[in-house]
Amino acid sequence: MGVAMNCRVAAESLLAGPHEGPGSALADHLAGCPACASLAERSARLDRAWALTRPHELTGPALDAAWARLDAALDSAARRPEVLAFPGPRLARTMPILARAAAVLVAGAIGLGAWNRSPIDRPALAESVIEIGVGETVLIRQAAEGPAAERLAMADIPDSVGLAVDVLNVIETLAN
Amino acid sequence: MLDDATAVSAPDEQLVALARLGDRAAREELCRRHWGVAQRVARRLLGDEQDALDAVQDGFLKAIVHLDSFDGRSGFSTWLVRIVTNAALDLGRKRKRRPSVPLVGPGEGRGGAPEPSVDDDPTLGLRRADLRRALDAGLARLKPAIRATFVMHAEAGMSYQEVADALGIPIGTVMSRLHFARGKLQEHLNGVEGL
């Protein structure tokens with residue numbers, strides 16, 4: 001007899017979707033846990049909807065035509081290779097933005113330093129607190145209402161999801 | 001040079017090696033073999049058939065032109081899906097998402113690829129349209145990074161690790177994004193009949 005599954009592991013199994021389907025331990029758990037059974041039903045509805053709306057694929061003459069267009073575009077690109085920018089890693093694509101942001105910050109700091117040495121009266125500094133979480137990439141810009149942050153990485157996750165995130169990361173850590 | 005019959009049975013690795021040398025038949029077979037998954041991923045990401053075709057063509061173009069940068073650590077399909085995903089997201093940023101307009105009538109797919117028959121259940125086509133609208137709306141509301149994570153896993157069948165490698169994020173982030181996306185999409189299905 002196997003070890004009974006708990007709700008955390010059940011939730012992780014359901015998260016995997018139909019590709020990494022449940023075993024008998026999950027079925028046993030769902031039979032005795034109404035909360036997880038409800039979660040499983042909602043999850044199954046999504047999987048059914050996803051399968052029912054599977055996009056169709058080009059075949060036959062339509063695929064022939066698509067390949068012909070692509071082949072022609074390849075010939076054209078071979079003559080003008082510089083027009084194609086390759087989508088590099090995320091960091092590489094983000095670096096120019098970060099570099100610009102850093103340049104703006106450095107220029108601002110230099111300007112602020114020079115300003116602080118000025119003897120003339122000056123208006124009060126506008127201040128703003130911008131919280132940046134671990135792992136976030138943030139672009140700080142000057143908006144009409146003051147400094148504003150554009151989050152370039154993953155969006156804020158609601159508190160209700162935060163616990164689940166922690167649980168999943170713990171599970172991952174234990175699995176490793 | 002490969003003949004067409006040999007190309008069809010050749011593994012991706014061999015086709016990639018030949019395509020790098022400029023073999024047209026190898027390029028064509030790679031495209032035909034992987035067009036379907038690329039198209040489905042782009043369609044899910046963009047919610048529009050024509051935009052999806054444009055993104056797939058752009059993605060394939062970049063992939064083949066830059067085939068030398070494919071290092072073989074992942075499968076060709078995984079590498080291609082990443083490129084098509086980026087192409088689709090770039091296109092999505094340039095064009096506002098717009099409601100999907102079916103390019104074909106009920107029961108017939110583009111290019112002679114029929115959708116599952118609705119003869120047995122005349123309401124199935126309508127239900128499927130409702131579901132597609134609900135899912136498209138749900139996907140449109142997800143942030144692009146989360147949408148891409150979910151579509152790579154759910155439509156392209158990529159594992160957590162493959163998605164993590166493709167997007168350059170930790171596997172825990174993949175799982176949290178999937179959890180978040182599933183929750184949001186499930187909300188959009190509330191009230192949709194016939195599931």
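Fair warning: this is a prediction, and the values are worked out from it, not measured in the lab.

Trainee: Outline the overall build of chain B, listing residues and values.
Mentor: Regarding its fold elements, chain B presents nine helices and zero strands. Going from N to C terminus, chain B has its helices and strands arranged as α-α-α-α-α-α-α-α-α. A burial count over chain B gives 54% of its 195 residues as buried. Sequence separation of at least 24 residues holds for 57% of the intrachain contacts in chain B that already meet a minimum separation of 6. Counting every atom, chain B has about 8,700 Å² of accessible surface; 52% of that belongs to carbon and sulfur.

Trainee: Can you lay out the nonpolar core for me, pointing to particular residues and giving the numbers?
Mentor: Core analysis: the biggest nonpolar cluster contains 75 residues, and W50 and L70 of chain A together with W35, F60, F76 and F150 of chain B have the highest contact counts within it. Among the elements that line this core, the one with the most residues is helix 3 (residues 24-46) of chain B, at eleven residues. Residue contacts for L70 of chain A: discarding those within four places in its chain leaves C31, W35, Q57, F60 and L61 of chain B. Within the second largest apolar cluster, eight residues are counted, among which are L14, L26, L30 and A40 of chain A.

Trainee: Can you break down the pattern of salt bridges residue by residue, with the values?
Mentor: Side chains that differ in charge, positive against negative, can pair when their charged atoms come close. This structure, assessed with the given rule, holds 21 salt bridges over all chains. Residues E28 of chain B and R32 of chain B are paired through a salt bridge, measuring 2.9 Å at the closest nitrogen-oxygen approach. Here E28 of chain B pairs with R32 of chain B, and both are found in helix 3, just four residues apart, close to one helical turn. According to the relative accessible area criterion, E28 of chain B is buried, its value standing at 18%. Its relative accessible area of 27% is what places R32 of chain B among the partly exposed residues. Taken together, the shared-partner salt bridges connect R54 and E57 of chain A together with R40, R44 and E155 of chain B into one network.

Trainee: Provide a residue-level description of the packing of aromatic side chains, including the pertinent values.
Mentor: Note on aromatic pairs: each is described by the distance of the centres and the angle between the planes. Applying the stated rule across the entire model yields five aromatic pairs over all chains. Aromatic side chains F70 of chain B and F76 of chain B sit 5.8 Å apart centroid to centroid with 90° between the ring planes, which places their arrangement in the edge-to-face category. On the basis of relative accessibility, which here comes to 4%, the residue F76 of chain B falls in the buried class. Centroid distance F70 of chain B to W79 of chain B: 5.1 Å. Interplanar angle 45°. Geometry classified as tilted. Accessibility assignment for this pair places F70 of chain B and W79 of chain B in one class, buried. Through a chain of ring-to-ring contacts, the aromatic side chains of F70, F76 and W79 of chain B assemble into a single cluster. The cationic tip of R44 of chain B hangs over the ring face of W50 of chain A; the distance from NZ or CZ to the ring centre is 3.7 Å.

Trainee: Tell me about the state of the cysteines, and please be specific about residues and values.
Mentor: All names here are of chain A. Counting across every chain of the model gives zero disulfides over all chains. Not engaged in a disulfide, the cysteine C33 finds its nearest cysteine sulfur in C36; these two sulfurs lie 3.6 Å apart. By relative accessible area, C33 is classed as buried at 12%.

Trainee: I'd like a rundown of the side chain of H29 of chain A, residues and numbers included.
Mentor: All names here are of chain A. Mapped onto the elements, H29 comes out in helix 2 (residues 24-32). Judged by relative accessible area, which is 13%, H29 ranks as buried. When neighbours within four sequence positions are excluded, H29 is seen to be in contact with M5, N6, C7, A10 and C36.

What counts, and at which threshold
- Residues numbered from 1 in each chain as written.
- Chains lettered and ligands numbered in written order.
- Predicted model: local features only at pLDDT ≥ 70, side-chain atom pairs only at ≥ 80, totals over all residues.
- Heavy atoms only, no water.
- Helix = DSSP H or I, 4+ residues; strand = E, 2+ residues; numbered from the N terminus.
- Buried < 20%, exposed > 50% of the residue type's maximum accessible area, 1.4 Å probe, protein only.
- Contact = heavy atoms within 4.5 Å.
- Areas by Shrake-Rupley, 256 points an atom, 1.4 Å probe, with all protein chains shown as cover.
- Core = buried A, V, L, I, M, F, W, Y, C linked by side-chain atoms within 4.5 Å.
- Salt bridge = Lys/Arg side-chain N within 4 Å of Asp/Glu carboxyl O.
- Phe/Tyr/Trp six-rings, centres within 6.5 Å; stacked < 30°, edge-to-face > 60°.
- Lys NZ or Arg CZ within 6 Å of the ring centre and 35° of its normal.
- Disulfide = S-S within 2.5 Å.

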